[in-house]
Amino acid sequence: EESLGQAEKALGAGADALILDLEDSVAPERKAMARESIRAFLLEPRDNAQKLLVRINALETADSLLDLDALAGPCTTARNRRRRSWFRALPRTKR
């Protein structure tokens with residue numbers, strides 16, 4: 001909840017894009033609550049054109065399926081509203 005308050009501030013400050021994290025920044029016992037919070041955040045109507053991105057858990061984990069399931073509704077709703085593709089899979093970069 002605290003991070004979503006910061007997310008709202010970032011949107012209000014004119015950030016071009018906002019990345020919401022479900023992976024490293026969320027403790028395992030808080031992931032279910034974080035998914036629901038991000039889902040609600042994505043469903044809120046907004047007038048701005050800022051990009052909202054969600055970093056999900058690694059695709060080889062069970063958490064990634066739960067992440068995608070939680071995001072499916074908001075993403076398809078946004079897709080219908082904007083008529084743009086909503087899903088991008090980005091590989092992890094090597095350090």
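Worth saying up front: this structure is predicted, and the values here are computed from it rather than measured.

K.L.:
For the overall build of the protein chain, give the residues involved together with the corresponding values.
P.N.:
Helix and strand content of the protein chain: three helices and two strands. Of the regular secondary structure in the protein chain, the N- to C-terminal order runs α-β-α-β-α. The burial tally for the protein chain puts 27% of its 95 residues in the buried class. Surface summary for the protein chain: the accessible area is close to 7100 Å², and the carbon and sulfur share equals 53%.

K.L.:
Give me the lowdown on the side chain of Asp 21, citing residues and values where you can.
P.N.:
Residue position: Asp 21 is located in strand β1 (residues 17–21). In this structure the side chain of Asp 21 is engaged in a polar contact, spanning 2.7 Å, whose partner is the backbone nitrogen of Glu 23. In this view, Asp 21 contacts Val 26, Ile 38 and Arg 55; residues no more than four positions away in its chain are not counted.

K.L.:
How would you explain the environment of Ala 70 if you had to name every residue and give the values?
P.N.:
Its location among the elements puts Ala 70 in helix α3 (residues 62–82). In sequence terms Ala 70 and Ser 37 are 33 residues apart; their C-alpha atoms lie 9.9 Å from each other. What Ala 70 contacts, discounting residues up to four positions off in sequence, is Arg 35 and Arg 39.

K.L.:
If you had to explain the side chain of Ser 64 to someone new, which residues and values would you point to?
P.N.:
Inspection of the secondary structure puts Ser 64 in helix α3. Of the polar contacts made by the side chain of Ser 64, one reaches the backbone oxygen of Ala 58; its length is 3.4 Å. Setting aside chain neighbours within four positions, we find Ser 64 in contact with Ile 56, Asn 57, Ala 58 and Leu 59.

K.L.:
An account of the pattern of salt bridges is needed here, citing residue identities and associated values.
P.N.:
Side-chain pairing between opposite charges can occur once the charged atoms of the two side chains come close. Applying the stated criterion across every chain yields a total of five salt bridges. Linking Arg 55 and Glu 23 is a salt bridge whose minimum nitrogen-to-oxygen distance equals 2.5 Å. Residue Arg 55 is found in strand β2 (residues 51–55), and its partner Glu 23 is found in the loop between β1 and α2 (31–43); the two are separated by 32 residues along the sequence. You can call Glu 23 buried: its relative accessible area is 10%. Each member of the salt-bridge network shares a partner with another, and the members are Asp 21, Glu 23, Asp 24 and Arg 55.

Rules behind the numbers
Residues numbered from 1 in each chain as written. Predicted model: local features only at pLDDT ≥ 70, side-chain atom pairs only at ≥ 80, totals over all residues. Heavy atoms only, no water. Helix = DSSP H or I, 4+ residues; strand = E, 2+ residues; numbered from the N terminus. Buried < 20%, exposed > 50% of the residue type's maximum accessible area, 1.4 Å probe, protein only. Areas by Shrake-Rupley, 256 points an atom, 1.4 Å probe, with all protein chains shown as cover. Polar contact = N/O pair within 3.5 Å; in protein donor to acceptor, adjacent residues only side chain to side chain. Contact = heavy atoms within 4.5 Å. Salt bridge = Lys/Arg side-chain N within 4 Å of Asp/Glu carboxyl O.

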